[in-house]
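# Working through the structure, step by step
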Amino acid sequence: MTKTYSGAEVVAKALKDQGVDVVFGIVGIPVVEVAEAIISEGIKFIGFRNEQSLSYAAGAYGFLSGRPGVCLVVSGPGVVHALAGLVNAQANCWPLLLIGGSSDTYQQGMGAFQELDQITLCRPYSKISTRPSYISQIPNVIDKAIKTSIYGRPGPVYIDLPANFIQGSIDCESMNLPGRAVDSPKSLADPRSVEETVRLLVSAKRPLIIIGKGAAYSCAEKEINELIEKTRIPFLPTPMGKGVVSDSHPLCVSAARSKAISNADVIILLGARLNWILHFGAPPKFSKHVKFIQVDILPEEHNNHRRIHVALLGHLPLVVSQLLSCLPSSFNHPLTSDYIQSLRQKIDENIASTNEKFKDDTIPMSYHRAFWEIKKRLPQNDIVFVSEGANTMDIARSIFDLHEPRCRLDAGTFATMGVGLGFAIAAKVYYPSKRVVAIVGDSAFGFSAMEIETAVRAHLPMIIIIINNNGIYHGLDIDSYNSTSLNALPSTALLPDIRYDLIANATGGKGYFVRTPQELGNAMEEALKDDEKVI
């Protein structure tokens, strides 16, 4: 008798063949069989409580691993909910593969169960949005989707799986597994553009290197560290570019960000874009005379902004290596220059001001005092820092130092709230030996609070710290809340003093409720002793 494979088994075997080791998902009709087949193939399946969170996790996993994070969702509403992570991955240029179940092909247009044109829905937010024409084509479609996701500028892709394909079957001989998709081809920049870059850097009086998350994704830390050591040019990391070069490096000017970007006359962007995060490179934040050099993998990005003077198109580590080989051996920016000295003076002033804020003893605690109690107890290395929230994320960015690449995750280019727990879960799956610490605002936590149960069930220990100010941006203390009529409450207000810690206790983790610096410090010390629980 001829041996057959179900469509679900074909999907699972194709993912295994591609080297996929984890899938984030929520099951239901028609994808239960796919999830079970995935588990049978030895692939880890992490079942979430909400499709938004699992799609955020898949995007973060793609950023950390350099291969598409894979997520599996049901048809209709499941795909709609997962669209949030698809768009987030597109905005951040992260590889992600979303697989969505869909209604039977022969019921199209008949009002089928959760019927939705998901291919059209996902197309604007993915590099490809497609469906195999028949079951035996599934491995090739997955192969093409993965290549598309990681080739060129990374991004999300969508594959639609009709129920009758999942439940159908093919002969074993009809299944052809193409093997693991090879990594993206790498290219060098135009030598003439490299020469022009060298000319600008050598003649610059106030040069600056800006390190973006594209530098982290492309694993360019070795080459960028060499560039900074050779040239002695100060550098500024974007939030998720932190750690490519250690924040403790003497040429890091994060503590003088505004002064650095406004004074620079030549700026080289390494995996960074002139979007809202960098004020579009425009005055008054930047000098109107500054010359930008941009290294990017996407040609269109260089034409996206009129202020780009030199475009270096290519794989970032290779392009930086080109620069290193072309720079004069004698060139380095003098550390005694007025430019460097003025930046150091500003750094010292800002650090002194921040240190004073750490001493604030008022109750409720200020952000700075709470962050200081956390910071001084965290290990320097082997830590992944996840941050989200409005004030929580903005203030934390300038306080917590990173010393390793790809160890900071936050709301990113799309400024998405609700990513925190999904990101933390992805980080712990990818870095099982690192300590994952998520510091999130109370409003942001509310988007994905039940994923604490996911982390507990999946045995993914982590520390989740909720900075509760009773609202979005700010709320009301309990007396003000109780004295304000319901119709007069500000739109930013949430219920005051919610015991979020009890969610951890209820799901098998451990929660602490703290109000004072001493209580926070004690809780942190206890939490850091326990590497087996969600805290």
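Bear in mind the structure is a predicted one, so any value in this text is a computation, not a measurement.

The rules we used
- Residues numbered from 1 in each chain as written.
- Predicted model: local features only at pLDDT ≥ 70, side-chain atom pairs only at ≥ 80, totals over all residues.
- Heavy atoms only, no water.
- Helix = DSSP H or I, 4+ residues; strand = E, 2+ residues; numbered from the N terminus.
- Rg over C-alpha atoms; globule rule 2.2 N^0.38 Å.
- Buried < 20%, exposed > 50% of the residue type's maximum accessible area, 1.4 Å probe, protein only.
- Contact = heavy atoms within 4.5 Å.
- Areas by Shrake-Rupley, 256 points an atom, 1.4 Å probe, with all protein chains shown as cover.
- Lys, Arg positive; Asp, Glu negative; His and termini not counted.
- Charge placed at Lys NZ, Arg CZ, Asp CG, Glu CD.
- Pairing = 2+ DSSP bridges.
- Axes fitted to C-alpha atoms, helices over the stretch in contact; angles between N-to-C directions.
- Salt bridge = Lys/Arg side-chain N within 4 Å of Asp/Glu carboxyl O.
- Expected span 1.5 Å × (residues − 1).
- Left-handed = near helix turned anticlockwise from the far one by under 90°.
- Nonpolar A, V, L, I, M, F, W, Y, C, P; charged D, E, K, R; others polar.
- Disulfide = S-S within 2.5 Å.
- Phe/Tyr/Trp six-rings, centres within 6.5 Å; stacked < 30°, edge-to-face > 60°.
- Lys NZ or Arg CZ within 6 Å of the ring centre and 35° of its normal.
- Right-handed = clockwise from strand over helix to strand, strands pointing away.

### A look at the overall build of the protein chain
For the protein chain, the helix and strand inventory stands at 22 helices and 17 strands. Compactness check: the protein chain gives a C-alpha radius of gyration of 25 Å against a globular reference of 24 Å for 535 residues, within 12% of the reference. With the C-alpha coordinates of the protein chain rotated into their principal frame, the extents come out at 80 × 65 × 45 Å. Here the protein chain, with 535 residues, has 56% of them falling under the buried criterion. Sequence separation of at least 24 residues holds for 75% of the intrachain contacts in the protein chain that already meet a minimum separation of 6. Total accessible area computed for the protein chain in this model is approximately 22500 Å², and 52% of it derives from carbon and sulfur atoms. For the protein chain, the distance from the average position of its 51 positive side-chain charges to the average position of its 53 negative side-chain charges is 7 Å.

### Some remarks on the sheet that holds strand E9 (residues 207-211)
Reading across from one edge, E10-E9-E11-E12-E13 is the order of the five strands in this open sheet, with parallel pairing throughout. Each of the sheet's edge strands pairs with one partner strand only, and the pair in question is strand E10 (235-237) and strand E13 (308-313). Between one strand axis and the next, the sheet turns through 20° on average, direction left out of account. Inspection of the sheet shows strand E11 (residues 266-270) paired to strand E12 (residues 291-296) by five bridges, in the parallel sense.

### Things to note about the sheet that holds strand E7 (residues 156-162)
Working definition: the strands of a sheet are paired by backbone hydrogen bonds and lie parallel or antiparallel to each other. The strand order across the open sheet formed by six strands is E3-E2-E4-E5-E7-E6, and the pairing between neighbours is parallel. Every other strand in the sheet has two partners, leaving strand E3 (44-47) and strand E6 (129-130) as the edge strands with one partner each. Pairing of strand E4 (residues 69-73) with strand E5 (residues 96-102), which is carried by five bridges, proceeds in the parallel orientation. Residue pairing across strands places Gly 69 opposite Leu 96, the latter belonging to E5. Across the sheet, helix H3 (residues 51-65) lies against strand E2 (22-25), E4 and E5, angled at about 160° from E4, the strand it touches most.

### Section: the pattern of salt bridges
Overall, the coordinates contain 29 salt bridges when judged by the stated rule. With a shortest N-O distance of 3.0 Å, Glu 453 and Arg 49 are connected by a salt bridge. Of this pair, Glu 453 sits in helix H19 (residues 451-457) while Arg 49 sits in the loop between E3 and H3, and the two are 404 residues apart along the sequence. Under the relative-accessibility criterion, Arg 49 is labelled partly exposed at 45%. Here Arg 457 and Glu 453 are joined by a salt bridge, their closest N and O atoms 2.8 Å apart. Within this pair, Arg 457 and its partner Glu 453 are both found in helix H19, separated by four residues, close to a single helical turn.

### Observations regarding helix H6 (residues 138-150)
An α-helical segment advances 3.6 residues per turn. Residues three or four places apart therefore align on the same side. Look at H6: 19 Å from first C-alpha to last across 13 residues, which is about the 18 Å you get at 1.5 Å a residue. Every buried residue belonging to H6 is among Ile 138, Pro 139, Val 141, Ile 142, Asp 143, Ala 145, Ile 146, Thr 148, Ser 149 and Ile 150, and all of these are buried. Contact partners of the buried residues in H6: helix H1 (7-17), E5, E6, E7 and helix H9 (213-217). One or two steps after H6, the chain reaches Gly 152, where phi turns positive at roughly 65°.

### Some words on the packing of H3 against helix H4 (residues 77-92)
Running from N to C, H3 and H4 cross one another at 35°; their axes reach a closest spacing of 7 Å. The hand of the H3/H4 crossing is right-handed. Of H4, the residues touching H3 (which contributes Glu 51, Gln 52, Ser 55 and Tyr 56) are Gly 78, His 81, Ala 82, Ala 84, Gly 85 and Asn 88. In terms of residue class, the contact of H3 with H4 is built from three nonpolar, six polar and one charged.

### Describing the environment of Pro 250
Mapped onto the fold, Pro 250 is located in the loop between E10 and helix H11 (257-263). Considering only alpha carbons, one finds Pro 250 and Arg 344, 94 residues apart in sequence, at a separation of 9.0 Å.

### A closer look at the state of the cysteines
Under the counting rule described, the total for this entry stands at zero disulfides. This cysteine, Cys 122, is not joined by any disulfide, and Cys 71 carries the nearest cysteine sulfur, 9.8 Å off. Residue classification places Cys 122 among the buried positions, given a relative accessible area of 0%. Unpaired in terms of disulfides, Cys 407 finds its nearest cysteine sulfur in Cys 219, a separation of 11 Å.

### A few points about the packing of aromatic side chains
Summed over the entire model, instances satisfying the criterion amount to 12 aromatic pairs. Aromatic side chains Tyr 430 and Tyr 431 sit 4.9 Å apart centroid to centroid with 75° between the ring planes, which places their arrangement in the edge-to-face category. Tyr 430 sits in the partly exposed class, given a relative accessible area of 30%. Grouped by ring-pair contacts, the aromatic residues Phe 24, Phe 48, Tyr 61, Tyr 430 and Tyr 431 constitute a single cluster. One residue, Lys 434, lies across the ring of Tyr 431, its end atom 5.3 Å from the ring centre. Seen from the ring of Phe 513, Arg 499 lies directly overhead, with NZ or CZ sitting 4.3 Å from the centre.

### What about the pairing of E5?
Burial of E5 is extensive: seven of the seven residues sit out of reach of the surface. Traced from E4 through H4 to E5, the parallel crossover comes out right-handed. The pairing of E5 with E7 spans seven bridges and is parallel. Among the inter-strand pairings, Leu 97 is bridged to a residue of E7, identified as Val 157.

### Some points on unusual backbone geometry
With omega at 5°, the peptide bond leading from Ile 29 into Pro 30 counts as cis. Position of Pro 30 relative to the elements: it lies in the loop between E2 and helix H2 (32-40). A cis geometry characterises the amide bond from Ile 363 onward to Pro 364, with omega recorded as 0°. Within the fold, Pro 364 resides in the loop between helix H14 (338-357) and helix H15 (367-375). In this model, Cys 219 sits at a positive phi of 55°, which is unusual for a non-glycine residue. A relative accessible area of 43% means that Cys 219 is categorised as partly exposed.

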